[in-house]
Structures are given as C-alpha cells and as structure tokens.
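One-letter residues, chain by chain:
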Amino acid sequence: QIFLLDAGALGCPEVVGGAPWPPPAHHLDTVPRLAACYESIARRRPGARVLSFVVGDGYAGICAEWQEGRADTIPPATVQCVPFGCSVGDFLVEVARQKARDDGGVFVVSNVADTVLRTRGLRPPVSHLGFMFVDGIIALPGLQDVVAEPAAEAPAKRPSR
C-alpha cells in the first residue's frame, strides 16, 4: 500500500476571505500537522509507504524543522518536492495513476477539491481519504486499523494406537 499526502499548503500563506468567521482550514499546512498525518498512517498501517508532496517553500520549512530536530518522525526520503512553478495536485494525481496501474493499493490523502475530483476519475480506481483536525487529533475516516491475523494453531495430535 502507498499513501500520497497532499501537503501543497505547507509553507504557503493562508488566503482568508472577507467573511468575519472563515471556516477552518483542513490542510497539511504546518509541519506538526503533516507529522500527525504521517504518524497516524504509519501507526495504523505498518509497512505502508507514505509519500508527502510539497512545494519549494514547504520543503524549506520542513528542512528547517529537521535541522531543529522537530520533524524526526518524517523521513527525508518520503518528502517529494515538486518542481518550481508546478502543482502538487498534478504530480500527486500522476503518481497515483501510475502506482494504481502498477501496484494497486493507492490512497490519496487530500482536501483540495480539484485533487479529490481528479482522483475520483482515475482508472484503475484510487482511494481518497479526507481528514480533519479536531480537538488536537487528526480524524481520517476510512482508514481502518490493520488487524493482525491470528496465528494459525497447530493441529491437535491424535493419540496413536
């Protein structure tokens, strides 16, 4: 299984509309939020590959956190920085398309409307997971914990006659 995280908002200033109480943003827009998502998936799906897609400013931000020792739970090799001027969504959807064709078991974790809609149109199908940060936790509905298979018991020996 592979999980592709949309962290395109990391390092990008939040654009706030004119509403007096804008709705909360549910994006991976800070390193602690990205780490919380990464850790939740890694804990619930041990052995799954998790890749985070960021723009240049987001990559610079996570590098600074690594240098300060505050992002140790996110392995550097799992962070994918898209080329300058390119869209995280474009690359995330393309990687999802190729991985689904080759391997299957692909999950896109994003709340960006365009990315979600493009993911839903992929063939072979790719799973989408939305998320929210609520009361200090990340909610990822649809991500079930992996349940360990019970060990097969050895067949009972029959007494020999």
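Given the structure is predicted, the values throughout are model-derived calculations rather than measurements.

Would you mind going over the overall build of the protein in detail, with residue names and values included?
The helix and strand inventory of the protein stands at four helices and seven strands. Helices (α) and strands (β) of the protein occur, in sequence order from the N terminus, as β-α-β-α-β-α-β-α-β-β-β. Counting only residues that meet the buried cut, the protein has 36% of its 161 residues in that class. Nonlocal contacts in the protein, meaning residues at least 24 apart in sequence, comprise 63% of its contacts between residues at least 6 apart. Carbon together with sulfur atoms contributes 56% to the accessible area of the protein, which is approximately 10000 Å² in total.

With reference to specific residues and values, describe the pairing of strand E1 (residues 2-6).
A large share of E1 lies buried, amounting to five of its five residues. Of the two faces of E1, the one lined by Ile-2, Leu-4 and Asp-6 and the one lined by Phe-3 and Leu-5 are each fully buried. As paired strands, E1 and strand E4 (residues 106-109) are joined by four bridges and run parallel to one another. Considered in E4, the bridge of Leu-5 is made with Val-109.

Help me get a handle on the pairing of strand E2 (residues 49-54), residues and values and all.
Taking burial as the measure, the six residues of E2 include five buried ones, the bulk of the element. Relative to E2, E1 is paired through five bridges, and the arrangement is parallel. Residue Asp-6 lies in a different strand from E2, and its bridge partner there is Phe-53. Pairing between E2 and strand E3 (residues 79-81): three bridges, direction parallel. When the bridges of E3 are listed, Ser-52 appears paired with Val-79. In this region the chain leaves E2, passes through helix H2 (residues 56-67) and returns to the parallel neighbour E3; the handedness of that crossover is right-handed.

Kindly report on helix H4 (residues 113-120), identifying the contributing residues and their values.
Within H4, the full set of buried residues consists of Thr-115, Val-116 and Thr-119. Each buried residue of H4 sits inside an arc of 100° when the element is viewed along its axis, so together they form one side. Among the exposed residues of H4, those oriented more than 90 degrees off its buried face are Ala-113 and Leu-117.

Let's hear about a nonpolar patch on the surface: which residues, and what values?
Nonpolar side chains collect at one region of the surface, where Met-132, Val-134 and Ile-137 lie side by side and expose about 260 Å² of accessible area between them. Within the secondary structure, Ile-137 sits in strand E7 (residues 137-139).

Can you tell me about the packing of aromatic side chains, naming the residues and giving the values?
All chains considered together, the criterion is met by three aromatic pairs. Geometrically, the ring pair formed by Tyr-59 and Trp-66 is edge-to-face, given 6.1 Å between the ring centres and 80° between the ring planes. The exposure class of Tyr-59 is partly exposed, given its relative accessible area of 30%. Judged by relative accessible area, which is 17%, Trp-66 ranks as buried.

What counts and what doesn't
- Residues numbered from 1 in each chain as written.
- Predicted model: local features only at pLDDT ≥ 70, side-chain atom pairs only at ≥ 80, totals over all residues.
- Heavy atoms only, no water.
- Helix = DSSP H or I, 4+ residues; strand = E, 2+ residues; numbered from the N terminus.
- Buried < 20%, exposed > 50% of the residue type's maximum accessible area, 1.4 Å probe, protein only.
- Contact = heavy atoms within 4.5 Å.
- Areas by Shrake-Rupley, 256 points an atom, 1.4 Å probe, with all protein chains shown as cover.
- Pairing = 2+ DSSP bridges.
- Right-handed = clockwise from strand over helix to strand, strands pointing away.
- Arc of directions from axis to C-beta.
- Patch = residues over 30% accessible without salt bridge, like charges linked within 9 Å, V, L, I, M, F, W, Y side chains within 5 Å.
- Salt bridge = Lys/Arg side-chain N within 4 Å of Asp/Glu carboxyl O.
- Phe/Tyr/Trp six-rings, centres within 6.5 Å; stacked < 30°, edge-to-face > 60°.

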